[in-house]
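# Structural overview
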Amino acid sequence: MSSIQSSNSDFFIKKEELIKENLFKVLLPLPLSGCYDYNLPPDIAVNIGDFVVVPLGNRKIVGVIWGRSDYSVDNKTGKKYDIKRIKNIQQCFDMPPLPLENIKFINWLAEYNMASLGAVLKMAMSVKQVFEPVKTQNLYVLAVNPPINFKMTKSRQLAINFIKDKPLMTAADIAKFAGISVSVVKGLADVGVLNIHAKDITIDFPQPSLTIFPPILSPEQDKAAAGLNAAVKNNQFSVKLLDGVTGSGKTEVYFEAIKQCLKSGKQAVILLPEISLSSQWLSRFKQRFATEPALWHSDMTMAKRRDTWRAVNSGAISVLVGARSALHLPFPNLGLIIIDEEHDQAFKQEEGVIYNARDMAVVRAQICQCPLILVSATPSLETMVNVKNNRYQHLHLKNRHGNASLPVVKIIDLRQDRPPRQRWISPTLENAVTETLAAGEQVLLFLNRRGYAPLTLCRNCGFRIKCPNCTAWLVEHRNNHNHNPRLECHHCGYNQKMPDKCPQCEEVDSLHACGPGVERLAEEALSLFPTAKMEIITSETINTPRSAEDFINRVMAQEINLIIGTQIIAKGYHFPMLTLVGVIDADLGLMGGDLRAGERTFQLLHQVSGRAGRAEFKGKCYIQTANPETAVIDALLRSDRDGFINGEIAQRQTTGASPFKHWAGVIISGKNQQQVDDIAQKMAQFAPYGKDINIMGPVDAPLAMLRGKHRKRFLLICHKKLSIQKIIKHWLGLIDRPSAIKITIDIDPYSFM
């Protein structure tokens with residue numbers, strides 16, 4: 001792709017008129033499919049990976065040198081462009097280049113996920129401020145040979161007496177401790193008594209200590225740690241699954257691998273599915289390494305993100321923990337990647353560049369020739385298939401650490417043990433909560449549904465209030481700052497006040513809340529347990545590391561003894577006094593017929609049950625269900641995780657589902673419904689076919705409208721020996737579509753919405 005998109009005939013010249021020029025391919029962080037060619041002036045030197053400033057139209061953009069280019073060629077005509085019209089690279093930044101491993105990773109990720117190169121590069125260049133000049137701060141120190149002939153005052157003498165034998169200090173600090181004004185310090189610098197040193201204003205990143213005495217590991221933990229350490233020492237690509245029951249001490253085991261990585265002088269990155277929930281993890285890391293690691297998440301200030309990005313790129317950061325976007329940071333010396341809770345759906349990015357960070361971490365580790373550790377108590381089915389096929393090594397922790405034991409699971413059949421009408425806590429669970437609170441212990445009631453009620457309808461005419469932008473019902477929320485009921489869409493963010501009357505029949509006071517969310521469950525719990533110290537925990541109430549830390553401190557201080565929470569509470573928390581977990585609706589995740597519904601439900605309920613009894617007190621988990629005979633509930637009751645996984649694997653293998661065949665979702669979207677339907681039908685006419693290819697669709701997506709756009713969907717399934725990307729590329733190449741119509745490709749889809 002050329003930097004000039006022109007079809008003017010005077011742009012092209014004859015081959016014999018071409019002269020050798022110093023042309024380079026520059027990739028820009030824009031949704032473009034390839035690089036632009038730019039000429040390198042003689043006064044600028046560059047290497048592959050260097051960050052440069054180039055013109056694009058009337059703009060100046062920072063891009064990356066992607067490689068050499070002999071001549072610029074128009075992709076459509078094959079003609080070579082007039083070299084004299086190729087624009088110049090204007091500046092090369094004096095900073096470490098984008099590592100070659102990142103360049104290879106960006107190329108691979110873009111090709112596999114059928115995303116534009118520029119859009120993938122944008123994830124690696126997510127902080128524009130790193131290319132701005134670094135702010136400096138003046139520091140002062142006594143000159144080695146200060147002048148003799150200058151006017152001495154009492155204030156100047158105080159300053160000189162104070163700063164003598166002192167290190168570099170700011171003018172404000174000298175003035176504060178010497179009891180003088182800042183102008184006195186600057187005056188001494190003007191006459192040469194003090195020397196000024198300009199220091200970059202950056203955030204310091206302390207290095208983890210390797211001398212802290214580690215906790216004593218159990219024989220089982222020690223064996224697993226030895227396996228991980230050996231992989232790090234070998235400094236070769238490998239994937240190891242650290243599989244352990246909840247509370248088995250997996251974190252302490254992989255801390256040993258981090259230590260070994262640091263001893264080798266390498267960098268380590270740990271990905272967590274919910275970085276806002278990292279408070280307890282960070283505390284444990286600090287106990288183990290005497291300092292917290294660097295962080296990477298969306299709640300950081302821009303200055304902190306800028307300094308962190310620069311420190312990663314320079315190698316100043318040795319350990320970083322972050323969300324999935326941390327995988328794209330420019331580590332020049334990456335020696336270890338850890339994916340904690342590897343099964344978690346949060347590692348799948350569903351918008352923009354669609355990719356699975358867990359799967360892409362395998363690629364990044366292979367490119368960097370470093371080990372990857374996948375950590376989970378409920379490994380994903382894809383990971384377990386790779387274990388069975390000997391692609392991944394399996395390290396298994398079968399027991400909880402210390403004296404803790406796994407919770408006892410009890411099933412409550414809601415067909416027999418029914419709650420009263422418009423209630424959701426069964427009598428059996430109510431009694432268990434009462435007994436647990438009376439014993440001074442803590443309770444978690446789990447319902448994976450935010451808000452007060454998932455549906456609001458009119459008793460008079462049956463009208464249901466839905467989102468104007470999405471094919472979704474509006475969710476009622478009452479636990480807001482002004483305490484007035486509001487209706488919200490959990491897909492696009494649309495919200496409105498609760499109407500006083502039905503929008504359709506205009507009947508007053510006819511709107512009725514249907515079904516429970518956590519806010520409605522909390523209302524019921526408050527009526528049943530009026531003395532409980534209750535708190536609702538959702539992604540809305542716990543959305544930063546600070547809010548998570550505050551919540552943890554309140555639980556540990558027993559300021560809270562009844563937690564009402566969604567799936568955000570199921571991940572990684574350790575509360576010694578929490579002994580009872582009550583699952584309000586175990587069937588909720590099994591609705592909709594999703595390919596991974598059973599797997600995800602089992603993982604979620606297994607994880608949330610694991611919050612109970614993690615210390616010396618015995619834990620219990622009560623699971624309410626109207627379908628106790630399902631495979632998920634039966635496996636939970638019998639604690640037969642492996643049996644459940646094997647059953648899921650056998651079923652998917654029989655039906656040719658992922659991961660035994662290639663799957664890809666193809667979504668057509670646009671504001672004009674007729675255009676969307678027309679393109680979908682045209683794509684159906686040209687759809688690929690063959691004995692190893694199966695096309696389903698087009699059909700309305702389950703969310704047939706999302707954020708104001710109509711949506712149709714295909715599902716393409718093909719044999720593993722075929723390249724699904726090539727099939728789709730050829731298919732889409734046959735279709736001309738308006739620019740207003742967007743086609744999104746989801747390789748290895750997790751969600752079918």
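Everything discussed here concerns the structure shown above.
First, a word on what this report is: a plain description of the structure on this page. All of these numbers come straight from a predicted model, not from anything done at the bench. (Residues numbered from 1 in each chain as written. Predicted model: local features only at pLDDT ≥ 70, side-chain atom pairs only at ≥ 80, totals over all residues. Heavy atoms only, no water.)

Turning next to the pattern of salt bridges. Under the definition given, this model contains 23 salt bridges. For the salt bridge of aspartate 243 with arginine 641, the shortest nitrogen-to-oxygen distance reads 2.6 Å. Of this pair, aspartate 243 sits in strand β9 (residues 238–244) while arginine 641 sits in helix α17 (residues 641–655), placing them 398 residues apart in sequence. In this structure, arginine 638 engages aspartate 634 in a salt bridge whose closest nitrogen and oxygen atoms are separated by 2.9 Å. Within this pair, arginine 638 and its partner aspartate 634 are both found in helix α16 (residues 631–638), separated by 4 residues, close to a single helical turn. You can call arginine 638 partly exposed: its relative accessible area is 49%. (Salt bridge = Lys/Arg side-chain N within 4 Å of Asp/Glu carboxyl O. Helix = DSSP H or I, 4+ residues; strand = E, 2+ residues; numbered from the N terminus. Buried < 20%, exposed > 50% of the residue type's maximum accessible area, 1.4 Å probe, protein only.)

For the rest of this paragraph, the subject is helix α14 (residues 545–556). End to end, α14 covers 16 Å across 12 residues, agreeing with the expected 16 Å (1.5 Å per residue, within 8%). Along α14, the positions that sit buried rather than exposed are Pro545, Ser547, Ala548, Phe551, Ile552 and Val555. Burial along α14 is one-sided: seen end-on, the buried residues are contained in an arc of 160°. Elements that come into contact with the buried residues of α14 comprise α8 (279–289), β19 (442–446), β25 (534–537) and β26 (562–565). Directly beyond the C-terminal end of α14, a positive phi value near 60° is found at glutamine 558. (Expected span 1.5 Å × (residues − 1). Arc of directions from axis to C-beta. Contact = heavy atoms within 4.5 Å.)

Our next topic: the packing of aromatic side chains. For any pair of aromatic rings, the description rests on two quantities: the centre-to-centre distance and the angle between the ring planes. Applying the stated rule across the entire model yields 17 aromatic pairs. With a centroid separation of 5.7 Å and an interplanar angle of 90°, the aromatic rings of tyrosine 254 and phenylalanine 255 are classed as edge-to-face. Its relative accessible area of 0% is what places tyrosine 254 among the buried residues. With 5.6 Å between their ring centres and 90° between their planes, phenylalanine 255 and phenylalanine 285 make a pair best called edge-to-face. Taken together, the residues phenylalanine 255 in helix α7 (residues 250–263) and phenylalanine 285 in helix α8 connect sequence positions 30 residues apart. No difference in accessibility class separates phenylalanine 255 from phenylalanine 285, as the two residues are buried. By way of ring pairs, the aromatic residues Tyr254, Phe255, Trp281, Phe285 and Phe289 are connected into one cluster. Just above the ring of phenylalanine 162 sits the side chain of lysine 166; from NZ or CZ to the centre is 4.6 Å. For arginine 305, the ring lying beneath its charged end belongs to tryptophan 296, and the centroid distance is 4.5 Å. (Phe/Tyr/Trp six-rings, centres within 6.5 Å; stacked < 30°, edge-to-face > 60°. Lys NZ or Arg CZ within 6 Å of the ring centre and 35° of its normal.)

Let us look at the sheet that holds strand β10 (residues 267–271). Taking strand neighbours across the sheet as the criterion, the 7 strands line up as β11-β12-β10-β13-β16-β9-β17 in an open arrangement whose pairing is parallel. This sheet does not close on itself; its edge strands, each paired only once, are β11 (294–296) and β17 (393–397). Put simply, the sheet's adjacent strands are angled 20° from each other on average, direction ignored. Bridge count between β9 and β17: 5 bridges; the pairing is parallel. In the sheet register, aspartate 243 faces β17, and the bridge partner there is histidine 396. The sheet strands contacting α7 are β9, β10, β12 (319–322), β13 (334–340), β16 (371–376) and β17, and the helix crosses β13 at an angle near 170°. Contacts from helix α9 (residues 302–314) reach β10, β11 and β12, with the element oriented near 115° to β11. (Pairing = 2+ DSSP bridges. Axes fitted to C-alpha atoms, helices over the stretch in contact; angles between N-to-C directions.)

Put simply, helix α3 (residues 154–163) and helix α5 (residues 182–190) touch, their axes get as near as 10 Å, and they point 80° apart. As far as their axial angle goes, α5 and α3 are roughly perpendicular. Residues Ser155, Arg156, Ala159 and Ile160 of α3 form the contact with α5, whose participating residues are Val184, Gly187 and Leu188. Considered class by class, the residues forming the contact of α3 with α5 number 4 nonpolar, 2 polar and 1 charged. (Parallel < 35°, antiparallel > 145°, perpendicular 65-115°, else oblique. Nonpolar A, V, L, I, M, F, W, Y, C, P; charged D, E, K, R; others polar.)

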